[in-house]
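# Examining the three-dimensional arrangement
Take a look at the letters that make up each chain.
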Amino acid sequence: MVRVAPVGGTTVQDHVALAEIELCGELIIAASAARERLSLESIDEVLRVAEERRGGDTV
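Now for a look at the structure at hand. Nothing here was measured: the structure is a model prediction, and the numbers come from that model. (Residues numbered from 1 in each chain as written. Predicted model: local features only at pLDDT ≥ 70, side-chain atom pairs only at ≥ 80, totals over all residues. Heavy atoms only, no water.)

Turning to the pattern of salt bridges, a few remarks are in order. All chains considered together, the criterion is met by 1 salt bridge. R48 is the partner of E26 in a salt bridge, and the nearest nitrogen-oxygen pair spans 3.1 Å. Residue E26 is found in helix α1 (residues 15-33), and its partner R48 is found in the loop between α2 (40-46) and α3 (49-56); the two are separated by 22 residues along the sequence. (Salt bridge = Lys/Arg side-chain N within 4 Å of Asp/Glu carboxyl O. Helix = DSSP H or I, 4+ residues; strand = E, 2+ residues; numbered from the N terminus.)

What follows is the structure, given as structure tokens:
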């Protein structure tokens with residue numbers, strides 16, 4: 001027997017997972033548009049690593 005999720009308002013959203021999926025998508029797009037392998041700096045730029053570091057330093 002196949003079980004199917006009920007239709008309606010029972011959707012659970014994992015915001016962290018959704019953000020990770022979005023970043024992976026952006027990384028795939030950048031990699032497919034690049035002529036060569038992405039450098040570590042390019043990957044950090046796509047994933048906005050520097051922005052996270054700057055934002056995390058304000059404690």
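Moving on to unusual backbone geometry. Phi at R48 takes a positive value of approximately 60°, unusual for a residue other than glycine. A relative accessible area of 33% places R48 in the partly exposed class. (Buried < 20%, exposed > 50% of the residue type's maximum accessible area, 1.4 Å probe, protein only.)

It is worth spelling out α1 at this point. Compared with an ideal rise of 1.5 Å per residue, which puts 19 residues at 27 Å, α1 spans 27 Å between its outermost C-alpha atoms and is within 8% of the ideal. Between the side-chain oxygen of the N-cap and the backbone nitrogen of V16 there are 3.2 Å, and the N-cap of α1 in question is D14. (Expected span 1.5 Å × (residues − 1). Polar contact = N/O pair within 3.5 Å; in protein donor to acceptor, adjacent residues only side chain to side chain.)

Remember that the coordinates give geometry; whether it matters functionally is a separate question.
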